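Residue-level listing of the chains:
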Amino acid sequence: MVDVPHVKVTLDNGLDVIVHEDHGCPIVAVNVWYHVGSKNERPGRTGFAHLFEHLMFEGSAHHDRGYFRPLQEAGGALNGSTNADRTNYWEVVPREALDRALWMESDRMGYLLAALTQAKLDTQRDVVLNERRQTYENRPYGLAGMAMMAAHFPAPHPYHWPTIGFPDDIRAASLDDVREFFAAYYHPANASLSIAGDVVAKEAIAAADEYFGDLPRGPAHDAVVAPQRQGRAAAKLRIDDQVELPRLYLSWPSPVLFGDGDAELDLVADVLAGGKSSRLYRALLHDRQMATDVAVHQGSRELSGLFSVVATAAPGHTLGEIETVVADEIARVSADGVTDEELRRAWRRLEADFAWRRQSVGGFGGISDQLNAYNVFAGTPGFFAADFDRYMRATPASLSGAATSALSPDTRIALSVVPRGDGAAALAGSTPLEMG
């Protein structure tokens, strides 16, 4: 059901090339992953991976102009994104424009630094700082995620700083600093290229070799290793924000991506808040109407996961009431597990999710993106079936065990985001945070 036929080769310079043929529509997806994210930065030099997400669209040696217009003129779409563990870029183009997309991706991989100027750096630095203000600083509840990560992962843990970086670090970044970062990580041996769509695998591999094969391998670097956990045990924190309703964030350290218990906690999250029949939806929204929304997520990353519950208090109700209901439901899962019907519902939603990812060859979450994700994080692009099977092997007892192991009150961080001037709306005993 979930297997995706593909061919993988590794070029002499270390670039992994993955090809999936799908002749149902005359389009081709080109997807490049660099195994670099904010965790590869260091204190005082944060935000570089995200900064390059912007700079990579500003031109390279042989096309020293914006990257959107040439591909959009050919009928294509393109974008990119950065997180703690990787940076990716993708294009979806008519099959006749495949060479254009490959040429442009190869030129910025191999020749971006020749076109990187102080003026471009200054412009994109300002763009990033403005993005930070709009997305985090001036957005209701926007600083909560940063606060939770910083609380769970004290410096110098590489998940301590946000992917977008700290403003002072972004302002202080010199041209030499960013050149050094690019040279270290944006090269064939640290990249994975996925081509999916209306192509013949042999021809697509030959084209990839033509455009990328002569690029230098690039330096090797050690994998990032997380320091031994030194985070707070349990803590209650508070942010005063320009919001109308108090919101509660509860989170726990959890297994790494594909680690033991990771799949089970994904399923626990679904049982707790996956749709209107879920436990917390019924308890908080339907039955008691004490919350306006609730979401639960197992955020799996390479070095550590974070299991989180987020709920906004309805008028007339408190965060303390919500905390009690959430704690009770998690305790029930830990003690009694889940019902067979709850697990079956979670499996059905999981099957729908896997099917959805196969509906498109390109874009965020499409087949080309998934092939690269598995190749980078699991070591093989053919991990679809193994990924699916780890969920299907779960049992009510294994969900109970994962919840008991990970969701302990002793490791929980509780963050209350409350309206300015209404500190009493936070959980009792919360420590106020100053977020800059």
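That block above? That's the structure.
These numbers come from a predicted model, not from an experiment.

K.L.:
Tell me about helix α7 (residues 175-185), residues and numbers included.
P.N.:
Turning to α7, its buried residues are Leu175, Asp177, Val178, Phe181, Phe182 and Tyr185. Buried residues of α7, viewed axially, fall in a sector of 165°; they line one side. Summarising the geometry of α7, the exposed residues directed more than 90 degrees from the buried face are Asp176 and Glu180. Residues of α7 that are buried make contact with β3 (27-34), α1 (48-55), α3 (98-111), α4 (118-137) and α6 (167-172).

K.L.:
Now, about unusual backbone geometry: what can you tell me, with residues and values included?
P.N.:
Put simply, Ala155 and Pro156 share a cis peptide bond, and its omega is 10°. The backbone of Tyr141 sits at a positive phi, close to 65°, despite the residue not being glycine. Within the secondary structure layout, Tyr141 lies in the loop between α4 and α5 (144-152). The exposure class assigned to Tyr141 is buried, which follows from its relative accessible area of 14%.

K.L.:
Any chance you could break down the packing of α1 against α7 for me, citing the residues and the numbers?
P.N.:
As a packed pair, α1 and α7 sit with axes 11 Å apart at the nearest point and diverge in direction by 90°. Here α1 lies roughly perpendicular to α7, going by the angle between them. Here α1 contributes Phe48, Ala49, Leu51 and Phe52 to the contact with α7, which in turn contributes Asp177, Val178, Phe181 and Phe182. Tallied by class, residues from the contact of α1 with α7 come to seven nonpolar, no polar and one charged.

K.L.:
Help me get a handle on the packing of aromatic side chains, residues and values and all.
P.N.:
Inspection of the entire model under this criterion finds 20 aromatic pairs. The interplanar angle of 80° and the centroid separation of 5.7 Å between the aromatic rings of Phe153 and Tyr159 together place this pair among those described as edge-to-face. When its relative accessible area of 4% is taken as the criterion, Phe153 is described as buried. For Arg108, the ring lying beneath its charged end belongs to Tyr89, and the centroid distance is 4.6 Å.

K.L.:
Explain the environment of Leu78 residue by residue, including any values.
P.N.:
For Leu78, the location among the structural elements is in strand β4 (residues 77-82). Overall, Leu78 belongs to the buried group, its relative accessible area being 7%. When the C-alpha positions of Leu78 and Phe68 are compared, they lie 7.1 Å apart, and in sequence the two are ten residues distant. Discounting residues that sit within four places of it in the chain, Leu78 has contacts with Phe57, Tyr67, Phe68, Leu71, Gln72, Trp90 and Glu91.

K.L.:
Got a sec to walk through a negative patch on the surface? Specific residues and values, please.
P.N.:
On the surface, a cluster of negative charge is made up of Asp12, Asp99, Asp209, Glu210 and Asp214. Locating Asp209 in the fold gives a position in helix α8 (residues 201-212).

K.L.:
I'd love a proper account of the nonpolar core, names of residues and values included.
P.N.:
Tyr186, Leu193 and Ile195 are the most contacted members of the largest nonpolar core, which has 69 residues in total. Ranked by residue count, the leading element in this core is α8, at seven residues. With sequence-adjacent residues up to four places away left out, Leu193 is seen in contact with Leu15, Asp16, Val17, Ile18, Val30, Asn31, Val32, Leu102, Ala208, Phe212 and Asn372. Counting 54 residues, the second largest nonpolar core, distinct from the first, contains Leu350, Tyr374, Leu407 and Ala414.

K.L.:
Quick rundown of empty space enclosed by the protein? Include the residues and the values.
P.N.:
Inspection of the entire model under this criterion finds one cavity of 30 Å³ or more. By volume, the largest cavity is sized at about 40 Å³. Taken together, Asp270, Val271, Ser277, Ser278, Glu342, Arg345, Ala346 and Arg349 make up the lining of the largest cavity. Of all the secondary-structure elements, those providing two or more residues to the lining of the largest cavity are α9 (262-273) and α12 (340-357).

Calculation notes
Residues numbered from 1 in each chain as written. Predicted model: local features only at pLDDT ≥ 70, side-chain atom pairs only at ≥ 80, totals over all residues. Heavy atoms only, no water. Buried < 20%, exposed > 50% of the residue type's maximum accessible area, 1.4 Å probe, protein only. Helix = DSSP H or I, 4+ residues; strand = E, 2+ residues; numbered from the N terminus. Arc of directions from axis to C-beta. Contact = heavy atoms within 4.5 Å. Axes fitted to C-alpha atoms, helices over the stretch in contact; angles between N-to-C directions. Parallel < 35°, antiparallel > 145°, perpendicular 65-115°, else oblique. Nonpolar A, V, L, I, M, F, W, Y, C, P; charged D, E, K, R; others polar. Phe/Tyr/Trp six-rings, centres within 6.5 Å; stacked < 30°, edge-to-face > 60°. Lys NZ or Arg CZ within 6 Å of the ring centre and 35° of its normal. Patch = residues over 30% accessible without salt bridge, like charges linked within 9 Å, V, L, I, M, F, W, Y side chains within 5 Å. Areas by Shrake-Rupley, 256 points an atom, 1.4 Å probe, with all protein chains shown as cover. Salt bridge = Lys/Arg side-chain N within 4 Å of Asp/Glu carboxyl O. Lys, Arg positive; Asp, Glu negative; His and termini not counted. Charge placed at Lys NZ, Arg CZ, Asp CG, Glu CD. Core = buried A, V, L, I, M, F, W, Y, C linked by side-chain atoms within 4.5 Å. 1 Å grid on protein atoms, 1.4 Å probe; cavity = no way out; pocket = protein on both sides within 12 Å on 5 of 7 lines; lining within 4 Å. Points joined across faces, edges and corners; volume = space filled by probe spheres on them.

All quantities given are derived from atomic positions and should not be read as evidence of function.
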